[in-house]
Amino acid sequence: SSSYNNITDNNASLNTQYGIWLDSSSNNNLKNNNASSNSNVGIYVRISSSYNILTNNTATSNNNGIYLYQSSSYNTLTNNNASSNTNRGIYIQSSYNNLINNTASWNTDYGIWLSSSSSYNNLTKNTISNNNNGTYLESSNNNTIANNTISWNTDYGMYLNSSSNNTLTDNKASWNNNYGIILGSSSNYNNLTKNTASNNSNGILLYSSSNDNTIIN
């Protein structure tokens, strides 16, 4: 483990695995780094790496841009650019964090993906556009998703899959090629308020035993 480091203004690119890797490391400050064109992950935060602050970093043209893995929680990601990656822009697995004002666009697969019980995350004012899929929640509950722009994605804007008790407020899920917002596979007790799902092929889809959701303007 390694803590209380300032990692600033570095170029960590063209590596065969990871650009910047925090392993069981907390309370670090990563700012203005370029972690691009790495074969695996641009910025990798894993195994209980918590209370780190990632600001103004660029993680582009990797397999995954920024990856928070296995109980790496209470991290704050602000104004990072995780775009043009082969797989996902920002990938959060079994962790809860704050994502504010990040850009996750032009990724081949997902803009932002929360998986494996990634709960109590706060996604606010992010731009998630021109990906194959915008924002995907898989078995992730009690998240707050607010004031995000999720547009021009090839398939859908937001998809909640087996994810419940989430709050979606003031998001713009427009101009996606297929669906604006999907609630599927037993996604229950979600609260959707003042969201815009316009100029998609389909606006809001509920299917496969998704019950007790509240969708209001």
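Rules and cut-offs
Residues numbered from 1 in each chain as written. Predicted model: local features only at pLDDT ≥ 70, side-chain atom pairs only at ≥ 80, totals over all residues. Heavy atoms only, no water. Pairing = 2+ DSSP bridges. Helix = DSSP H or I, 4+ residues; strand = E, 2+ residues; numbered from the N terminus. Axes fitted to C-alpha atoms, helices over the stretch in contact; angles between N-to-C directions. Buried < 20%, exposed > 50% of the residue type's maximum accessible area, 1.4 Å probe, protein only. Phe/Tyr/Trp six-rings, centres within 6.5 Å; stacked < 30°, edge-to-face > 60°. Lys NZ or Arg CZ within 6 Å of the ring centre and 35° of its normal.

Student: I keep staring at the sheet that holds strand β5 (residues 53–55) and nothing clicks. Help me out?
Tutor: Two orientations exist for strands paired in a sheet by backbone hydrogen bonds: parallel and antiparallel. The sheet built from 10 strands is open, its strands ordered β1-β3-β5-β7-β9-β11-β14-β17-β19-β21 with parallel pairing. Looking along the sheet, the strands with just one partner apiece sit at the ends: β1 (6–8) and β21 (214–216). Averaged over neighbouring strand pairs, the angle between their axes works out to 5 degrees when direction is ignored. Here strand β9 (residues 98–100) pairs with strand β11 (residues 122–124) via three bridges, running parallel. Across the sheet, residue N98 finds its bridge partner in β11, namely N122.

Student: What's the story with the pairing of strand β10 (residues 110–115) in this structure? I'm lost.
Tutor: One face of the sheet, then the other: side chains in a regular strand alternate in exactly this way. The buried fraction of β10 is high, at six of six residues. Bridge count between strand β8 (residues 88–93) and β10: five bridges; the pairing is parallel. Of the residues in β10, the one forming a bridge with R88 is Y110. In this structure, β10 lies alongside strand β13 (residues 133–138), joined through four bridges in parallel fashion. Across the sheet, residue Y110 finds its bridge partner in β13, namely N133.

Student: I keep staring at the packing of aromatic side chains and nothing clicks. Help me out?
Tutor: Given two aromatic rings, their pairing is described by the distance between the two centres and the angle made by the two planes. If you walk through the whole model with that rule in mind, you get 16 aromatic pairs. Taken together, a centroid distance of 5.0 Å and an interplanar angle of 5 degrees make the contact between Y51 and Y74 stacked. Of the two residues, Y51 is situated in the loop between β4 (41–46) and β5 and Y74 in the loop between β6 (64–69) and β7 (76–78); the sequence distance between them amounts to 23 residues. Look at Y51 and you get partly exposed, because its relative accessible area is 46%. You can call Y74 partly exposed: its relative accessible area is 43%. Between the aromatic rings of Y136 and Y159, the centroid separation amounts to 5.4 Å while the plane-to-plane angle is 65 degrees, which identifies the pairing as edge-to-face. Residue Y136 is located in strand β13, and its partner Y159 is located in strand β16 (residues 156–161); the two are separated by 23 residues in the primary sequence. Sitting over the face of the ring of Y91, R88 holds its NZ or CZ atom 4.0 Å from the ring centroid.

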